[in-house]
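Structure assessment
Now for the letters of each chain:
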Amino acid sequence: MSDITPFYLSGVPTTGTDTLEVTSPWDGSVVGVASVPTDDQVEQAVADLSAVRREAQATPAHVRAAALDHISAQLAARAEEVAALITAENGKPLAWSRGEVSRAVSTFRWAAEEARRFSGDLQRLDTDASATGRLGVVRRFARGPVLGIAPFNFPLNLVAHKVAPAIAVGAPILLKPAPATPLTALLLAEIIAETDLPPRMVSVLPVPNDKMSSLVLDPRLPVVSFTGSGPVGWSIQQQVPRKHVTLELGGNAAVIVNSDWPDLTAAAGRIALFGNYQAGQSCISVQRVLVHTDVYDGFVTELVAAVENLPTGDPAAEGVQVGPVINDAAAERITAWVDEARDAGASVLTGGSRDGRTVAPTVLADVPAGSKVAEEEIFGPVLTVARFGDLDEAFELVNSSKYGLQAGLFTTDLQAAFRAHRDLEVGGVIVGDVPSFRADQMPYGGWKDSGVGREGVRSAMNDLTEERVLVLSGLDL
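Just so it is clear, the structure is predicted and the values come from calculations on it, not from any experiment.

Quick notes on the rules
Residues numbered from 1 in each chain as written. Predicted model: local features only at pLDDT ≥ 70, side-chain atom pairs only at ≥ 80, totals over all residues. Heavy atoms only, no water. Salt bridge = Lys/Arg side-chain N within 4 Å of Asp/Glu carboxyl O. Helix = DSSP H or I, 4+ residues; strand = E, 2+ residues; numbered from the N terminus. Core = buried A, V, L, I, M, F, W, Y, C linked by side-chain atoms within 4.5 Å. Buried < 20%, exposed > 50% of the residue type's maximum accessible area, 1.4 Å probe, protein only. Contact = heavy atoms within 4.5 Å. Pairing = 2+ DSSP bridges. Axes fitted to C-alpha atoms, helices over the stretch in contact; angles between N-to-C directions.

**Considering the pattern of salt bridges**
The final tally for this structure, using the stated rule, is 29 salt bridges. One salt bridge in this structure joins Asp 218 and Arg 220, with 2.8 Å as the shortest N-O distance. In this structure, the salt-bridge partner of Lys 372 is Glu 340, at a minimum N-O distance of 3.0 Å. Remark: Glu 340 occurs in helix H12 (residues 328-343) and Lys 372 occurs in helix H13 (residues 372-375); sequence separation between them is 32 residues.

**So, the nonpolar core**
Among the nonpolar cores identified, the biggest contains 75 residues, and Leu 68, Leu 75, Phe 108, Leu 147 and Leu 215 are the most heavily contacted of them. Not counting the four nearest positions on each side in its chain, Phe 108 is found in contact with Leu 68, Ile 71, Ser 72, Leu 75, Ala 160, Val 163, Ala 164 and Leu 188. Core analysis: the second largest hydrophobic core is formed by 52 residues, Val 373, Ile 378, Leu 383 and Phe 410 among them.

**Focus: the sheet that holds strand E4 (residues 18-23)**
Pairing is mixed in the open sheet, where three strands are placed in the order E1-E5-E4. Where the open sheet ends on each side, the last strands, each with one partner, are strand E1 (4-5) and E4. Relative to strand E5 (residues 30-36), E1 is paired through two bridges, and the arrangement is parallel. Residue pairing in the sheet places Ile 4 in a bridge with Val 33 of E5. Strands in contact with helix H7 (residues 183-192) are E1, E4 and E5; relative to E5, the strand with the most contacts, it is inclined by about 60 degrees.

Right under this line is the structure:
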């Protein structure tokens, strides 16, 4: 049993009767074996979450903040260990795994700071004579225990964006990591168990996907926070319309390169990198590149060169930028979509092939409307390029997508930046950079098929809580 990684049931390392073998996307080697909870153990976790709800809500701010500070500090102290584990089970290059650990350190630190200042508001109610002597105290309280469902592509930081806000507001949480990448979440659970939080407040359970329906439907979990694929997310919302459901779903992020941008070489380098980082397995990885016709030819030449210069290979090797995708099915789907576009008339400017799970960084031009790489989220290292005549046309092209997560705009025109902020139907507009930029304290989420609700520590804290008003009467204000 010593070689089996336990799950954390109500803060206690525990094993079940079944196990889950975790393998490396790079070479198929066994990274570790995680214990899988039984149905009775899952039931115990949910019952404990429900039972500890009042105690968790009453936990003083200093206890919550101290726990979050401890988690942040321990992740920083164990950064290389955690990064190596992320690379082993997820396949992302070590440089990006280190960046993910650094972001998670910040996410928990931000949550600690927000926990200390999550105080509420005062409202004078004596603005009307009938309310003389009355004062409103408006505070936010947790809606109840949370079911957090995390994806494989950020096995630490997207788990952090479920767990940290829940701890900050005093909401018990059952965190379900992705079956491909449970080990990083279980290491985090080990750190959480070292804190002075109520032990039953956090459970981390690698529940198989085919057993999730009962958890989603369980009335003792009134909040569901899901990050992952659109079909699964929308089906959750349809199953539990009376629950509070937050969905962080997909995108096919666009970046606009305007003719006024002074350093097209640098822009091409950023777009090449962030269209292919983590093998394109990010919801805000660049997918659609829209280039002003006046600079299109030269820019595309620079872009293709930058893509071809990206180091690809073993994700554990220093300097590698592009590693494998998560599994064979993903690699096969990505290359099938590229082949479909090529057969329909698209030009493959570079890439278009794969070696096992490693898909060559790919650039496509002249992609016909209606092809999957134009309409859907490819979630792989593939860029499409197209030209536009003016910003009105570019904005229409961005908005033609059914997704709306983030967009990038390379321009020096301040008016254009504000127009983009007003007119683009996305959750965030990044000016002077790619849409892949995210600061973990900022509101993050999408429009249209990209989801509902917002992450970002304070935004998620608001999402997990509801306002409650206390009216004090007879005061000499």
